Amino acid sequence: MTVEVSAPAVPVEMEGKGSGPTTVYTREEVAQHGTYEDAWLIIDNLVYDVSKFSERHPGGKVILYYRGQDATEPFNAFHCDLASSRKYLKPLLIGRVAEADMKLDPRVSGFRKLREELVEEGFFKPNYFFYIGHLVSILLMEYLAVQCFNYTGSWILTATILATAQQQAGWLQHDFGHASVFRSAVANQWAHYLTIGLLKGASSWWWKAKHTRHHAKTNVVTRDPDMHVEPFFSFSELMAKTRFSKYLPTLHLQDKYWYFVGPPMTTTVLFVYQNMCWMARYAVLEDMALTLLCYIRFEYMFHGTLSGWSLVGMYLLTRFIESHWFTWVTSMSVCLFLSFSLFPPLFSFIKYGSNSLDSDTDKCSSLASSYGDYS
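So, here is what we can say about the structure in this document. (Residues numbered from 1 in each chain as written. Predicted model: local features only at pLDDT ≥ 70, side-chain atom pairs only at ≥ 80, totals over all residues. Heavy atoms only, no water.)

Here we look at the overall build of the protein chain
Rules: For helices the rule is a DSSP run of H or I covering at least 4 residues; for strands it is a run of E covering at least 2, with both sets numbered from the N terminus onward. A 1.4 Å probe rolled over the protein chains alone gives each residue an accessible area, and that area as a share of the maximum for its type sets the label: buried under 20%, exposed over 50%, partly exposed in between. We call two residues contacting when some pair of their heavy atoms lies within 4.5 Å. Where accessible areas are quoted, they stem from the Shrake-Rupley method and a 1.4 Å probe; at the residue level, only the protein chains shown are allowed to cover.
The secondary structure content of the protein chain amounts to 15 helices and six strands. Within the protein chain, the fraction of its 375 residues that count as buried is 42%. If you take every contact in the protein chain between residues at least 6 apart in sequence, the share linking residues at least 24 apart comes to 69%. For the protein chain, the accessible area works out to roughly 20,600 Å², and carbon and sulfur atoms hold 64% of it.

Shown next, in the form of structure tokens:
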């Protein structure tokens, strides 16, 4: 079943190169332009050539994730100020989709209708008091954790409270990282610097480089960087057999040890390593300064009570508890856990890998060898 939609009107000023927007292309023709050097995409039934624009795209080369495809939903989701973003599209317009191809799957049309309703009802308008309250609650939890340690001396209780604060700080920085709070890009960026750097001890630009691609192709093994947790684990046997096979002799046993060591190894050890490598490579002053201040702040919180290795131990225990909180408390993870427990055959995804998530399996070898590949 398909739902036919009419073609959007093409503004007169949106004239591109070549024969202009009057040129008609089928979706199959657009799909043939799906390489780095020759990248076309569709937005609202209009065809754009982003081959050269990808180098200047404010959001980076993630735009190439959609080469040869319809990028209407991602475009609307990734850009808060659509009117401003559409100005970049004007010189890239080369045509429109053939009328015979202007049909939508009912799920897509239903999603667009739902999004329009939510926009009209104000669900996408940020509540600044919420973010202020969120920040205050995080700081209060950190204060509570310090006082708890001073009065009880309990490492587990103190680390659990700190882990809860860290988990909440992760979601707070998340919204600023998506530039979804303020209309000003500069304001969002500095809020992200402060929340992820000063509260979490991580790089803003490292997070954006990973997380933007994660949302672009969520959980697609060969494209989502969050799915690359080698050499400790592998979500795909095909990926494990390329670059990391010699590091994964226990691949067939990872379903046995994942529950305990998986979360801290992938969301703490590996991420911290990647984060530090990123900052060493790109040397963004704001990232490095605020990350350093985060660790100084942690030391100051326990000044006079913990020092040296005991302070490091408290930090690692907090991260360990936080990693399990992050992995198992989210609804998605709970659903996966229940699936793995109740339906063991489904566990083959993490045990043996699945090649069905992406049709470009022939590219897997080259993708695994390059963390920054946008294929």
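Observations concerning the sheet that holds strand β3 (residues 40-43)
Worth spelling out the cut-off: At least two DSSP bridges between two strands are needed for those strands to be called paired.
Strand order in the open sheet formed by four strands is β2-β5-β4-β3, and the pairing between neighbours is mixed. With partners counted over all chains shown, the strands left at the sheet margins are β2 (24-25) and β3, one partner each.

Section: the nonpolar core
Quick note on the threshold: Take the buried Ala, Val, Leu, Ile, Met, Phe, Trp, Tyr and Cys residues and link them wherever side-chain atoms come within 4.5 Å; each set so joined is a nonpolar core.
Formed by 26 residues in total, the largest nonpolar core has its most connected members in Leu 162, Leu 172, Phe 176, Phe 298, Phe 302, Leu 306 and Met 314. Looking at this core, the elements that each hand over two or more residues are α5 (128-152), α6 (155-177), α7 (185-199), α11 (285-301) and α12 (308-329). Not counting residues within four places of it along the chain, the set of residues in contact with Leu 306 comprises Phe 149, Trp 155, Leu 311 and Met 314. In terms of nonpolar packing, the next biggest core, distinct from the first, is built from 18 residues, Val 50, Ile 63, Leu 92 and Ala 216 among them.

Quick notes on the packing of α5 against α6
The following threshold applies: Each axis is a line fitted through C-alpha atoms, taken for helices only over the stretch in contact, and angles between the N-to-C directions span 0 to 180 degrees. By definition in this entry, angles of less than 35 degrees are roughly parallel, angles greater than 145 are roughly antiparallel, angles of 65 to 115 are roughly perpendicular, and the rest are oblique. Should the near helix be turned anticlockwise from the far one by less than a right angle, the crossing is left-handed, and should it be turned clockwise, the crossing is right-handed. Gly is placed with the polar residues, together with every amino acid not listed as nonpolar (Ala, Val, Leu, Ile, Met, Phe, Trp, Tyr, Cys and Pro) or charged (Asp, Glu, Lys and Arg).
Two numbers describe how α5 lies on α6: the axes approach to 9 Å, and their chain directions differ by 165°. Between α5 and α6, the crossing angle belongs to the class labelled roughly antiparallel. In this structure, α5 crosses over α6, and the sense of that crossing is left-handed. Taken together, the residues of the contact of α5 with α6 sort by class into 17 nonpolar, five polar and two charged.

Side note on a nonpolar patch on the surface
Applicable threshold: Patch definition: residues with relative accessible area over 30% and no salt bridge; like charges joined within 9 Å; nonpolar side chains (Val, Leu, Ile, Met, Phe, Trp, Tyr) joined within 5 Å. What counts as a salt bridge is simple: a side-chain nitrogen of Lys or Arg found within 4 Å of a carboxyl oxygen of Asp or Glu.
Together, Phe 129, Ile 132, Val 136 and Leu 140 line one region of the surface with nonpolar side chains, adding up to about 450 Å² of accessible area. Looking at where Val 136 falls in the secondary structure, it is placed in helix α5. For Val 136, a relative accessible area of 42% gives the class partly exposed.

Some details on the packing of aromatic side chains
Note the cut-off: Think of it this way: a Phe, Tyr or Trp ring, Trp meaning its six-membered ring, pairs with another when their centres are within 6.5 Å, and the plane angle makes it stacked under 30 degrees, edge-to-face over 60, tilted otherwise.
Under the defined criterion, the tally for this structure stands at 16 aromatic pairs. On the basis of an interplanar angle of 15° and a centroid distance of 5.6 Å, the ring pair of Tyr 128 and Phe 182 is categorised as stacked. With a gap of 54 residues between them, Tyr 128 in helix α5 and Phe 182 in the loop between α6 and α7 connect regions that are remote in the sequence. According to the relative accessible area criterion, Tyr 128 is partly exposed, its value standing at 42%. Residue class for Phe 182 comes out partly exposed when judged on its relative accessible area of 30%.

Quick word on the packing of α6 against α12
Where α6 contacts α12, the two axes come as close as 8 Å, and the packing angle between them is 60°. Here α6 is positioned oblique relative to α12, judged by the angle of their axes. Viewed along their axes, α6 and α12 form a crossing whose handedness is right-handed. Of α12, the residues touching α6 (which contributes Trp 155, Ile 156, Thr 158, Ala 159, Thr 160, Leu 162, Ala 163, Thr 164, Gln 166, Gln 167 and Trp 171) are Ser 310, Gly 313, Met 314, Leu 317, Thr 318, Arg 319, Ile 321, Glu 322, Trp 325 and Phe 326.

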